[in-house]
Amino acid sequence: MTRPAARGGSRASADRLARLLNLVPYLLARPGIEIAEAAGDLGVTERQLREDLELLWVCGLPGYGPGDLIDMAFDGDRVTITYDAGIDRPLRLTPDEALALVVALRMLAETPGVANREAVERALAKIEDAGDLVGAPVAVRLPGDTRRVEALRAAVEGGKALRITYYTAARDETTERVIDPLRMLMVGGRAYVEAWCRRAEAVRLFRADRIDAITELAEPATVPPQAVPHDLTEGVFRPSPDLPLITLRIGRGERWITEYYPCERVEAGDGDQWLVSLRVTDLGWARRFVLGLGPDATVVAPVELAEQVRATVAAALDAYAVPTAALRRPASDSGPTDLASPVGVPSGDPAMAGRTQ
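Residues numbered from 1 in each chain as written. Predicted model: local features only at pLDDT ≥ 70, side-chain atom pairs only at ≥ 80, totals over all residues. Heavy atoms only, no water.

Draft legend 1. A look at the overall build of the protein chain. Looking only at helices and strands, one finds 10 helices and 12 strands in the protein chain. Accessible area for the protein chain stands at about 21,700 Å²; split by element, carbon and sulfur atoms hold 54% of it. (Helix = DSSP H or I, 4+ residues; strand = E, 2+ residues; numbered from the N terminus. Areas by Shrake-Rupley, 256 points an atom, 1.4 Å probe, with all protein chains shown as cover.)

Rendered as structure tokens:
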């Protein structure tokens, strides 16, 4: 019970340290500023700012005597730094800090959808030059097909329409579409192109790693006025009340579902079991999803989904079954006339029961 509080306290301490390091140069550049104005600029309350200023009284250089500590003067509600203890000096990055920034900026430069890549590259050049890291043996590559992402990015920047062959996982089908790209995005570590789909006559998101083929068309992208980009602040999938709701009973090994998918309800059941309810795009996707889980997952609702899963499992078992006659020895052969019952698991198999209810 104490760990969450410890993590929260650590985060608050780190935030306050960053605020204190920024506070001294800020006040040095604005002698005599009103505390209320400074609090507004720094995004804190007046009370918090006064507490930070009181803490600065005991901060300074080793020795920590009267001439070593940060000092300031107050004139009513105004404050002026009178001794900064050297905090006005430019901060210098350590080699490890500079390398970490280089890696982060190179990754940002590779990320689809970055609006001002030139600014990122200028900042990268300055840090590499200042830290003697020009030509450092650091290569940053995002997961996925880089050439495909680059082709999509070029189409977005060049305003060209595309013909793509796309795999839709929700329906387990591959289709050919003509799209008018709007922008490139990186969501959850995956690259997407958002575009007007002429086939659906709506704005759609296409995952780059599910695009099997790309052809740039000679015609320019034509985006109709009603094409509005999606709000992806809460992720790609936005569950809504009109989507099917499924309920599963899961064991300990399947609890990752509650962290990976947005769930409407999670309740503790008997023993280690949980009842989990979530929205899905359609029951076809839900059927494949449940079939991919382990035997600790049971469909509680809807009945239609349970029947679909049961029928799919039964068909799979039938495909592995061997007719009884094929297992009988010829009459002239010595030994038992019937070696075994049909190969395959009987209809009451727990593996099937574990999928549905």
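That was the structure; now back to the text.
Draft legend 2. Region of interest: the sheet that holds strand β12 (residues 298-301). The four strands lie next to each other as β10-β11-β9-β12, forming an open sheet whose pairing is antiparallel. Sheet topology places β10 (263-268) and β12 at the edges, where each strand pairs with a single neighbour. Strand-to-strand twist in this sheet, taken as the mean axis angle between neighbours without regard to direction, amounts to 25°. Sheet topology note: the strand β9 (residues 245-250)/β12 ladder contains three bridges and is antiparallel. Note that in β12 the partner of L248 across the bridge is V299. (Pairing = 2+ DSSP bridges. Axes fitted to C-alpha atoms, helices over the stretch in contact; angles between N-to-C directions.)

Draft legend 3. Quick look at the sheet that holds strand β3 (residues 78-83). A sheet is described by the order of its strands in space; here three strands give the open sequence β1-β3-β2, paired in antiparallel fashion. At either end of the open sheet lies a strand with only one pairing partner, and these are β1 (33-34) and β2 (71-75). Where β1 meets β3, two bridges bridge the pair, whose relative direction is antiparallel. In the sheet register, I33 faces β3, and the bridge partner there is V79.

Draft legend 4. Structural view of the pattern of salt bridges. On inspection of all chains with the given rule, the structure shows 13 salt bridges. In this structure, D52 engages R19 in a salt bridge whose closest nitrogen and oxygen atoms are separated by 2.7 Å. A residue pair is termed long-range when its members are at least 10 positions apart, and D52 in helix α3 (residues 46-56) and R19 in helix α1 (residues 3-28) qualify at 33 residues. For R19, a relative accessible area of 21% translates into the label partly exposed. (Salt bridge = Lys/Arg side-chain N within 4 Å of Asp/Glu carboxyl O. Buried < 20%, exposed > 50% of the residue type's maximum accessible area, 1.4 Å probe, protein only.)

Draft legend 5. Layout of the confidence of the model for the protein chain. Averaged over every residue, the pLDDT of the protein chain is 76; residues scoring 70 or more account for 74%. Summarising per-element confidence for the protein chain, the mean pLDDT is lowest in helix α10 (residues 350-353) (35) and highest in β1 (92). Between residues 1-9, whose pLDDT stays under 50, and residues either more than four places distant or in other chains, the model counts zero contacts. Low confidence marks residues 332-357, where pLDDT is under 50. Its contacts with residues over four positions away, or in another chain, come to 45 contacts. (pLDDT = per-residue confidence, 0-100. Contact = heavy atoms within 4.5 Å.)

Draft legend 6. Up close: the nonpolar core. Judged by nonpolar contacts, the single largest core of 19 residues is most densely connected at I246, L248, V290, V299 and L305. Counting only elements with at least two residues in this core, the list comes to β9, β11 (274-279), α8 (283-291) and α9 (303-320). Ranked by size, the runner-up nonpolar core spans 18 residues in total, among them L23, I33, A38 and A39. (Core = buried A, V, L, I, M, F, W, Y, C linked by side-chain atoms within 4.5 Å.)

Draft legend 7. How the structure looks around the packing of helix α2 (residues 35-42) against α3. Interhelical geometry of α2 versus α3 gives an angle of 100° and a closest axis separation of 9 Å. If you check the angle between α2 and α3, you find them roughly perpendicular. Residue-level contacts link I35, A36, A38, A39 and L42 of α2 to E46, L49, R50 and L53 of α3. For the contact of α2 with α3, the per-class residue count stands at seven nonpolar, no polar and two charged. (Parallel < 35°, antiparallel > 145°, perpendicular 65-115°, else oblique. Nonpolar A, V, L, I, M, F, W, Y, C, P; charged D, E, K, R; others polar.)

Draft legend 8. Quick look at the pairing of β10. Bridging between β10 and β11 involves five bridges; their strand directions are antiparallel. From the neighbouring strand, R265 faces β11, where its bridge partner is S277. Remark: five residues form the turn of the hairpin made by β10 and β11, two consecutive strands paired antiparallel; G271 in that turn has positive phi of roughly 60°.

Draft legend 9. Representation of unusual backbone geometry. Residue A301 is joined to P302 through a cis peptide bond whose omega torsion reads 0°. In this structure, P302 sits in the loop between β12 and α9. Not every positive phi belongs to a glycine, and E201 is a case in point at roughly 55°. Here E201 lies in the loop between β6 (190-197) and β7 (202-207).

Draft legend 10. Quick look at the pairing of β9. Note: β9 against β11, six bridges, orientation antiparallel. Directly across from R249, in β11, lies its bridge partner L275.

Draft legend 11. Expanded view of a nonpolar patch on the surface. Taken together, L55, W57, V58 and F74 make up a surface patch of nonpolar side chains, about 350 Å² in accessible area. Of note, L55 is situated in helix α3. (Patch = residues over 30% accessible without salt bridge, like charges linked within 9 Å, V, L, I, M, F, W, Y side chains within 5 Å.)

Draft legend 12. Molecular detail of the packing of aromatic side chains. Counted under the stated rule, the structure contains nine aromatic pairs. Their ring planes at 85° and their centres at 5.0 Å tell us that Y166 and F206 sit as a pair that is edge-to-face. Separated by 40 residues along the polypeptide, Y166 in strand β4 (residues 160-168) and F206 in strand β7 bring together distant segments of the chain. No difference in accessibility class separates Y166 from F206, as the two residues are buried. For the ring pair W256 and Y260, a centre distance of 6.3 Å and an interplane angle of 70° mean the geometry is edge-to-face. W256 sits in the partly exposed class, given a relative accessible area of 37%. (Phe/Tyr/Trp six-rings, centres within 6.5 Å; stacked < 30°, edge-to-face > 60°.)

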